[in-house]
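Descriptive structure summary
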Amino acid sequence: MSEERSLNFLEEIVEEDLRTGKHGGRILTRFPPEPNGYLHIGHAKSICLNFGLALKYGGKTNLRFDDTNPVKEDIEYVDSIKEDVKWLGFEWANELYASDYFNQLYDFAVILIKKGLAYVDDSSAEEIAAQKGTPTEAGTPNQFRGRSAEENLQLFAEMKDGKYPDGAKVLRAKVDLASPNMHLRDPLMYRIKHAHHHRTGDTWCIYPMYDFAHGQSDAIEEITHSICTLEFIPHRDLYNWFIEQLEIFPSKQYEFARLNLNYTVMSKRKLLQLVTEGHVEDWDDPRMPTISGLRRRGYTPASIRDFCDRIGVAKRENMIDVSLLEFCIREDLNKTAWRRMAVLDPIKMVITNYPEDETETMFGENNPEVEGGEGGRDIPFGRELWIEREDFMEEPPKKFFRLGVGLSVRLKSAYIVTCNSFVKDAEGNVTEIHCTYLPESKSGHDTGELKVKGTIHWVSVAHAKTAEVRLYDRLFQVEDPSNEDNDFKEYLNPNSLRILSNAYIENDLATAIPGKGYQFIRKGYFTLDKHSTADKLVFNRTVTLKDGWVKK
RNA sequence: UGCCUGAUAGUAUAAAGGUAGUACGACGGUUUUUGGUACCGUUUGUCUAGGUUCGAAUCCUGGUCGGGCAACCA
């Protein structure tokens with residue numbers, strides 16, 4: 001008995017198509033980004049959906065760049081998109097570009113002109129908009145709509161040959177100016193843009209619109225299931241109309257609800273703005289919801305795939321809690337991250353009954369979640385240690401399982417210590433904590449009677465390395481910054497990044513591996529930042545540990 | 001005022017006329033050399049009004065509410 005996971009609506013469609021033998025049981029999907037920005041977690045949903053569907057049903061997926069608007073697009077984005085898709089763990093069958101089909105698309109347009117289904121319009125953008133009418137009033141035809149096929153053919157060729165400046169003419173499909181669907185009111189097929197294209201260079205000065213490129217590209221590739229987001233529903237009639245008139249492969253479009261994540265923004269335009277206006281470091285700033293940002297933050301491909309799996313696929317609008325994303329990365333890292341000790345906000349502890357010049361070596365396993373602990377590392381121990389400032393309280397409340405005068409804790413992987421006193425400076429700040437240790441309580445060899453509730457982490461003062469630690473919080477202070485009254489940037493969280501420049505880490509962390517996740521015991525999951533060097537170690541906090549201790 | 005969509009615990013997502021379930025969150029407990037993990041338990045839901053039916057989240061009718069549509073963007 002295999003556990004039955006219910007199907008989402010797209011899986012049901014695919015299974016039905018498989019059952020009826022549509023397309024001979026062949027499944028081919030595509031992921032079609034426009035290379036005008038970096039991929040974000042919303043794209044990850046689409047990627048997991050398109051590649052996942054094909055994988056599940058023995059099909060394939062094409063990576064196709066929807067590069068029909070040269071002024072917004074760039075090779076930099078193409079490269080980053082390929083890297084991100086690969087990093088997520090997917091392999092495309094073919095790397096394709098809508099621009100590969102420019103000749104074919106041009107021929108398609110000629111066919112429609114010959115069939116009397118397309119015409120060259122000399123109107124301005126404003127005139128065309130006005131002539132389209134409104135949702136409640138039909139559009140009105142202009143004098144260009146009646147041009148002969150011969151004239152249209154010649155004008156279109158001249159458009160292509162660069163005889164006209166930008167905006168002088170467009171090619172329009174002749175569909176239905178009275179359609180209740182605005183997209184069918186003689187939509188534009190081609191516009192003139194004397195712009196350099198990142199792939200076709202200056203070969204073209206006319207470029208097809210999305211509606212005249214996407215469905216045709218799907219048909220050329222014989223995509224069986226063309227999956228896009230809800231806002232393309234009104235385009236579907238047009239998608240089908242072009243395919244029918246052209247009598248090409250009948251790809252079908254299906255729509256699902258895009259991902260919305262709270263406390264962030266997801267539109268490429270807004271993300272670009274955050275970058276260009278310097279609110280974040282770059283597209284891969286660890287606070288960004290981009291794939292590259294998440295990667296730099298310490299998210300793993302598996303955690304993102306798991307997330308996409310858990311949020312499901314449906315047609316209703318949604319707003320997912322970031323806490324689910326955080327759950328997914330904790331779940332993954334808990335099983336894979338090596339445990340290390342790091343003191344983020346240090347205060348000195350002196351073990352007064354420990355010999356001045358002595359050092360010991362303690363052992364700490366790498367990962368208690370795995371049989372055998374995946375090995376471990378030596379941890380130097382001495383009379384003076386750094387501990388976390390918040391692990392000591394002058395006047396500890398009840399149930400404070402840490403340090404205060406008279407309280408005992410275990411030092412992780414080492415001894416039990418009891419606090420006897422502390423030292424304050426002139427301003428009243430605690431500067432040193434004095435403890436005594438129980439020699440018989442050594443980790444793994446504890447023969448003593450004393451049992452303690454709390455265990456704290458520490459780093460030997462004599463052996464500690466210094467590191468910069470960057471703590472990240474949500475980028476925005478409100479759940480849905482795009483949907484507030486004011487500009488979304490007014491809701492930026494001023495404390496989304498906190499830099500601790502003087503954290504102490506155990507010496508083993510000096511050889512931390514880039515890209516690997518580490519759990520700083522009791523503090524969270526961290527990973528090396530891309531700017532980290534041997535001289536200046538920099539760690540990013542991926543996510544905190546779940547904190548079940550409710551402060552009173 | 002038109003057209004297209006959608007509506008199930010706090011958030012997502014199942015139930016294809018027959019016991020409203022699952023995950024995350026929250027809350028409580030057990031275990032613990034991480035106040036983590038693991039394990040156990042509790043909590044809260046079918047937008048609304050009618051109708052069909054032995055029986056409706058599901059089918060029908062009306063309403064309410066949300067999202068989208070009038071870029072030479074995708």
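Refer to the preceding data block for the structure.
Residues numbered from 1 in each chain as written. Chains lettered and ligands numbered in written order. Predicted model: local features only at pLDDT ≥ 70, side-chain atom pairs only at ≥ 80, totals over all residues. Heavy atoms only, no water.

**Re the protein's contact with RNA strand B**
With respect to spatial proximity, 63 residues lie near RNA strand B, and among them M319, R339, S443, Q519 and R522 are the closest. Near-protein atoms of RNA strand B (within 4 Å) split between backbone and bases, with sugar and phosphate holding 62%. Within the side chain of E317, one N or O atom sits 2.8 Å away from a sugar or linking oxygen of RNA strand B. Contact between RNA strand B and S443: a base oxygen at 2.7 Å from a side-chain N or O atom of the residue. (Near = heavy atom within 4 Å. Polar contact = N/O pair within 3.5 Å; in protein donor to acceptor, adjacent residues only side chain to side chain.)

**As for the packing of helix α1 (residues 9–19) against helix α2 (residues 41–56)**
Between α1 and α2, the shortest axis-to-axis distance is 11 Å and the interhelical angle comes to 35°. Handedness of the α1/α2 crossing: right-handed. In contact with L10, E11 and V14 of α1, α2 contributes L49, L53 and K56. Among the residues making up the contact of α1 with α2, the classes are represented as 4 nonpolar, no polar and 2 charged. (Axes fitted to C-alpha atoms, helices over the stretch in contact; angles between N-to-C directions. Helix = DSSP H or I, 4+ residues; strand = E, 2+ residues; numbered from the N terminus. Left-handed = near helix turned anticlockwise from the far one by under 90°. Contact = heavy atoms within 4.5 Å. Nonpolar A, V, L, I, M, F, W, Y, C, P; charged D, E, K, R; others polar.)

**Quick word on the sheet that holds strand β15 (residues 384–388)**
One open sheet accounts for 7 strands, arranged β19-β16-β17-β18-β12-β15-β20; its pairing is mixed. Sheet topology places β19 (455–456) and β20 (458–460) at the edges, where each strand pairs with a single neighbour. As paired elements, strand β12 (residues 346–351) and β15 share 5 bridges and run antiparallel to each other. Paired with K348 across the bridge in β15 is W386. (Pairing = 2+ DSSP bridges.)

**With respect to the layout of surface pockets**
What the largest pocket holds in volume is close to 1,200 Å³. Lining the largest pocket we find 43 residues, and of these H43, E231, F232, R258 and K268 sit closest to its centre. Every element with two or more residues in the lining of the largest pocket is listed here: β1 (28–31), α2, α7 (210–221), β8 (225–229), β9 (252–256) and α9 (268–276). For the lining of the largest pocket, a count of residues per class yields 16 nonpolar, 15 polar and 12 charged. The computed volume of the second largest pocket comes to approximately 700 Å³. Every residue lining the second largest pocket is counted, 25 residues in all, and those nearest its centre are E390, R402, R522, K523 and D547. Across the lining of the second largest pocket, the residue classes break down as 7 nonpolar, 4 polar and 14 charged. (1 Å grid on protein atoms, 1.4 Å probe; cavity = no way out; pocket = protein on both sides within 12 Å on 5 of 7 lines; lining within 4 Å. Points joined across faces, edges and corners; volume = space filled by probe spheres on them.)

**Concerning the packing of aromatic side chains**
By the definition in use, this model includes 25 aromatic pairs. Ring centres of Y415 and Y437 lie 4.7 Å apart, and the angle between their planes is 75°; this geometry places the pair in the edge-to-face category. Of this pair, Y415 sits in the loop between β16 (408–411) and β17 (416–424) while Y437 sits in strand β18 (residues 430–437), and the two are 22 residues apart along the sequence. Neither Y415 nor Y437 differs from the other in exposure class; each is buried. Their ring planes at 10° and their centres at 4.1 Å tell us that F520 and F526 sit as a pair that is stacked. (Phe/Tyr/Trp six-rings, centres within 6.5 Å; stacked < 30°, edge-to-face > 60°. Buried < 20%, exposed > 50% of the residue type's maximum accessible area, 1.4 Å probe, protein only.)

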